[in-house]
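# Per-entry structural report
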Amino acid sequence: MNEYEMIIEGMHFGVSKHLFDKHFTILWANDYAYGLTGYTKDEFYLKYRNRVDEYYRKDSETFDYMSSVIEGAWKKQKEGYLFECPVKPKRGKTVWLAMNGRFSGETYRGVPLIWNVFYDITDIRRSRKELEEKSELLISELQKVEQMKQWLTCFVSELNEDVHSMANIIERNNGDQQTAEEKSLRRQPKFSAGGWFRI
């Protein structure tokens, strides 16, 4: 192990070097990187032959996603790529990683080389999900408030129309009653010095 690799080994994030082949074969990785999988370097080699596609054999969807991002960046001649992916340890819960990769410009037996730097973002994703859920709840409550405001506006408008209609009816009834009373008064007999007579 050279001095550079010794420095990397002491860092609290994963670093790995891969062939840009169909397996994304691991040429080298620090202990932290292997530790995220729950295997030692030797155990990982014996079980998966250092092939990333073998490790994700039961989760082909994740591997296909990773491959599409890396290959897409290569075709667009980008310097690197960035994505998030899950890692299922031998024991324990799934860990989510932020993967930052770079095309080194080097080759090994004619195959391009890739360097990856990655770190655990499981807690960050959990916090982000909780924040998103709270934001969605807040948006939902605000929408309910807006709907209530619209309903109240319509209710007040309809109530106002009903009040006007009722007022018109009352006014019309009062007018009709006054007219009826006037007619009744006109029909009542009047008394004069000469006797009763009807108007």
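Residues numbered from 1 in each chain as written. Predicted model: local features only at pLDDT ≥ 70, side-chain atom pairs only at ≥ 80, totals over all residues. Heavy atoms only, no water.

## What to know about the overall build of the protein chain
Along the protein chain, the regular secondary structure elements total six helices and seven strands. Reading the helices (α) and strands (β) of the protein chain from amino to carboxyl end gives α-β-β-α-α-α-α-β-β-β-α-β-β. Counting only residues that meet the buried cut, the protein chain has 27% of its 199 residues in that class. Pairs at least 24 residues apart make up 42% of the contacts formed inside the protein chain by residues separated by at least 6 positions. With an accessible surface of roughly 14900 Å², the protein chain has 55% of that area assigned to carbon and sulfur atoms. (Helix = DSSP H or I, 4+ residues; strand = E, 2+ residues; numbered from the N terminus. Buried < 20%, exposed > 50% of the residue type's maximum accessible area, 1.4 Å probe, protein only. Contact = heavy atoms within 4.5 Å. Areas by Shrake-Rupley, 256 points an atom, 1.4 Å probe, with all protein chains shown as cover.)

## Some points on the sheet that holds strand β5 (residues 111-120)
Strand pairs in the sheet, formed through backbone hydrogen bonds, run parallel or antiparallel to each other. Sheet architecture is open: five strands sit in the order β2-β1-β5-β4-β3, paired in antiparallel fashion. Unpaired on one side and paired on the other, β2 (26-29) and β3 (80-87) mark the two borders of the sheet. Between one strand axis and the next, the sheet turns by 25 degrees as a mean value, whatever way the strands run. Bridge analysis of strand β1 (residues 14-19) against β2 gives three bridges, and the strand direction is antiparallel. Directly across from Lys 17, in β2, lies its bridge partner Trp 28. (Pairing = 2+ DSSP bridges. Axes fitted to C-alpha atoms, helices over the stretch in contact; angles between N-to-C directions.)

## Points about the nonpolar core
Membership of the largest hydrophobic core comes to 27 residues, with the highest contact counts inside it found for Tyr 56 and Ile 70. Secondary-structure elements contributing two or more residues to this core are β2, α2 (31-37), α3 (41-48), α4 (52-55), α5 (60-75), β3, β4 (95-108) and β5. (Core = buried A, V, L, I, M, F, W, Y, C linked by side-chain atoms within 4.5 Å.)

## As for the pattern of salt bridges
Scanning all chains against the criterion turns up five salt bridges. Between Glu 84 and Arg 125 there is a salt bridge whose closest N-O contact spans 2.7 Å. Separated by 41 residues along the polypeptide, Glu 84 in strand β3 and Arg 125 in helix α6 (residues 122-187) bring together distant segments of the chain. What makes Glu 84 partly exposed here is its relative accessible area of 28%. Here Arg 126 and Asp 123 are joined by a salt bridge, their closest N and O atoms 2.7 Å apart. Placement of both Arg 126 and Asp 123 in helix α6 is noted, with a separation of three residues, approximately one turn of the helix. Take Arg 126: its relative accessible area is 44%, and that puts it in the partly exposed class. Taking relative accessible area as the criterion, Asp 123 reaches 52% and is therefore assigned exposed. Three or more residues joined by partner-sharing salt bridges are found here, namely Arg 49, Glu 54 and Arg 57. (Salt bridge = Lys/Arg side-chain N within 4 Å of Asp/Glu carboxyl O.)

## Focus on unusual backbone geometry
Of note in the backbone geometry, Asn 50 takes a positive phi value of approximately 65 degrees without being a glycine. With respect to the helices, strands and loops of the structure, Asn 50 is situated in the loop between α3 and α4. One non-glycine residue, Arg 109, adopts positive backbone phi at about 55 degrees. Looking at the secondary structure, you find Arg 109 in the loop between β4 and β5.

## A word on the pairing of β4
Each regular strand displays side chains that alternate between the two surfaces of the sheet. Two strands pair when backbone bridges link them, and β3 and β4 are joined in this way by eight bridges, in the antiparallel orientation. Bridging across to β4, Glu 84 finds its partner in Ala 98. Bridge count for β4 against β5 is nine bridges, and the pairing is antiparallel. Each residue of the ladder has a partner; that of Leu 97, found in β5, is Asp 120. Linking β4 back to β5 in an antiparallel pair, the connection comprises two residues, with Arg 109 at a positive phi of about 55 degrees.

Fair warning: the whole summary comes from geometry, so function is off the table for now.
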